[in-house]
Amino acid sequence: MGDLPGDIQRILITPEEIEKRVKELADQISNDYRGKRLYMVGILKGAFIFMADLTRALSIPHVVDFMALSSYGKTTQSGAVRILMDLREPIENQHVLIVEDIVDTGHTLAYLQQVLKGRSPASLRTCALVRKTRARADVTLDYLGFEIPDVWVVGYGLDFADRFRTLSYVAELKPEAYASSQK
Ligand code: 5GP
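Everything quoted here is computed from the prediction, not taken from an experiment. (Residues numbered from 1 in each chain as written. Predicted model: local features only at pLDDT ≥ 70, side-chain atom pairs only at ≥ 80, totals over all residues. Heavy atoms only, no water.)

**What about helix H3 (residues 107-117)?**
Thinking step 1. Within H3, the full set of buried residues consists of His107, Leu109, Ala110, Leu112, Gln113 and Leu116.
Thinking step 2. Its buried side turned inward, H3 meets strand E2 (38-44), strand E3 (62-71), strand E4 (81-85), strand E5 (95-103) and strand E6 (123-132). (Buried < 20%, exposed > 50% of the residue type's maximum accessible area, 1.4 Å probe, protein only. Helix = DSSP H or I, 4+ residues; strand = E, 2+ residues; numbered from the N terminus. Contact = heavy atoms within 4.5 Å.)

**Thoughts on the pairing of E2**
Thinking step 1. In terms of burial, E2 is a largely internal element, 6 of the 7 residues being buried.
Thinking step 2. The sheet contact formed by E2 and E3 spans 7 bridges and is parallel. Bridge pairing in E3 links Tyr39 to Val63.
Thinking step 3. After leaving E2, the chain enters helix H2 (residues 48-56) and then returns to the sheet as E3, a path that is right-handed.
Thinking step 4. Examined bridge by bridge, E2 and E5 share 5 bridges and lie parallel to one another. Bridged to Leu38 within E5 is His95. (Pairing = 2+ DSSP bridges. Right-handed = clockwise from strand over helix to strand, strands pointing away.)

**Things to note about the site of the ligand**
Thinking step 1. In the vicinity of the ligand lie 15 residues, with Thr105, Gly106, Thr108, Val153 and Asp159 positioned nearest.
Thinking step 2. Residue Lys132 places a side-chain N or O atom 2.9 Å away from an oxygen atom belonging to the ligand.
Thinking step 3. Isolated, the ligand exposes 510 Å² of accessible area, and the fraction of that covered by the protein chains is 87%.
Thinking step 4. Going through the elements one at a time, E5 and H3 are the ones with two or more residues in the shell around the ligand.
Thinking step 5. In terms of residues, the shell around the ligand owes the most to one element, E5, which gives 3 residues. (Near = heavy atom within 4 Å. Polar contact = N/O pair within 3.5 Å; in protein donor to acceptor, adjacent residues only side chain to side chain. Areas by Shrake-Rupley, 256 points an atom, 1.4 Å probe, with all protein chains shown as cover.)

**Things to note about the environment of Tyr33**
Thinking step 1. Topologically, Tyr33 is positioned in the loop between helix H1 (15-32) and E2.
Thinking step 2. By relative accessible area, Tyr33 is classed as buried at 2%.
Thinking step 3. For the pair Tyr33 and Ile60, spaced 27 residues apart in sequence, the C-alpha to C-alpha distance is 7.5 Å.
Thinking step 4. Residues in contact with Tyr33, not counting those within four places in the same chain, are Leu38, Ile60, His95, Val96, Leu97, Ser123, Arg125 and Tyr143.

**Focus on the packing of aromatic side chains**
Each aromatic ring pair is specified by the distance between its two centres and by the angle formed by the two planes.
Thinking step 1. Applying the stated criterion to the full structure yields 2 aromatic pairs.
Thinking step 2. Ring centres of Trp152 and Tyr178 lie 5.0 Å apart, and the angle between their planes is 15 degrees; this geometry places the pair in the stacked category. With Trp152 in the loop between strand E7 (143-148) and strand E8 (153-154) and Tyr178 in helix H4 (residues 175-181), this residue pair connects regions lying 26 residues apart in the sequence.
Thinking step 3. Judged by relative accessible area, Trp152 falls into the partly exposed class, the value being 29%. (Phe/Tyr/Trp six-rings, centres within 6.5 Å; stacked < 30°, edge-to-face > 60°.)

**Side note on the sheet that holds strand E1 (residues 8-13)**
Thinking step 1. One open sheet holds the 3 strands; their spatial order is E1-E9-E8, and the pairing between them is antiparallel. A strand with exactly one partner marks an edge of an open sheet, and here the two such strands are E1 and E8.
Thinking step 2. Sheet topology note: the E1/strand E9 (residues 170-173) ladder contains 4 bridges and is antiparallel. Paired with Ile13 across the two strands is Val170, which belongs to E9.

**A closer look at the sheet that holds E5**
Thinking step 1. One open sheet accounts for 6 strands, arranged E4-E3-E2-E5-E6-E7; its pairing is mixed. Among the strands making up the open sheet, the edge pair consists of E4 and E7. Taken over all neighbouring pairs, the strand axes of this sheet differ in orientation by 30 degrees on average, direction set aside.
Thinking step 2. Of the pairings in the sheet, the one linking E3 to E4 comprises 4 bridges and is antiparallel in character. (Axes fitted to C-alpha atoms, helices over the stretch in contact; angles between N-to-C directions.)

Structure (structure tokens):
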């Protein structure tokens, strides 16, 4: 893959591994929801590339919608989350699948599950491309691409200060690049 960008430590998941796994997840989801119409909820900004590939590999009827969320104080463990952009339609009686890029602590997904459950969907499941090992044990995922170590990752939709989103792989950011931004 040639020289890596300066702030990239190492590649964790290659484009080929991503492509294979996304196809497997799409097949599994298509089987599980056979005969139903799926309401896919992508979480912006990070899930937009995963969402685009996943939905195009589905073989069942589905609609796509998006939400944007923001955590209060990334460095705190408060878990307080704010909705920046909400869904376009009510999801009552819909089969909803949340599509997240990454589950780190799991606070964001836990909040989202609670909010969407309150809107009375017919069913509510969760899908994430990657999950860090430190994630809360009580936040369950129905579909997971990959387990990753507790490092800052970028690429395939994931950013660092809005950089690296369009890398075709998922990579670990150099700890010093991340640390210098936290000062
Ligand atoms: P949580 O800790 O609530 O599971 O994750 C909060 C949010 O932090 C994620 O949705 C994601 O936007 C961001 N995040 C956490 N870890 C990483 C990471 O390693 N890389 C990137 N790009 N974003 C992350």
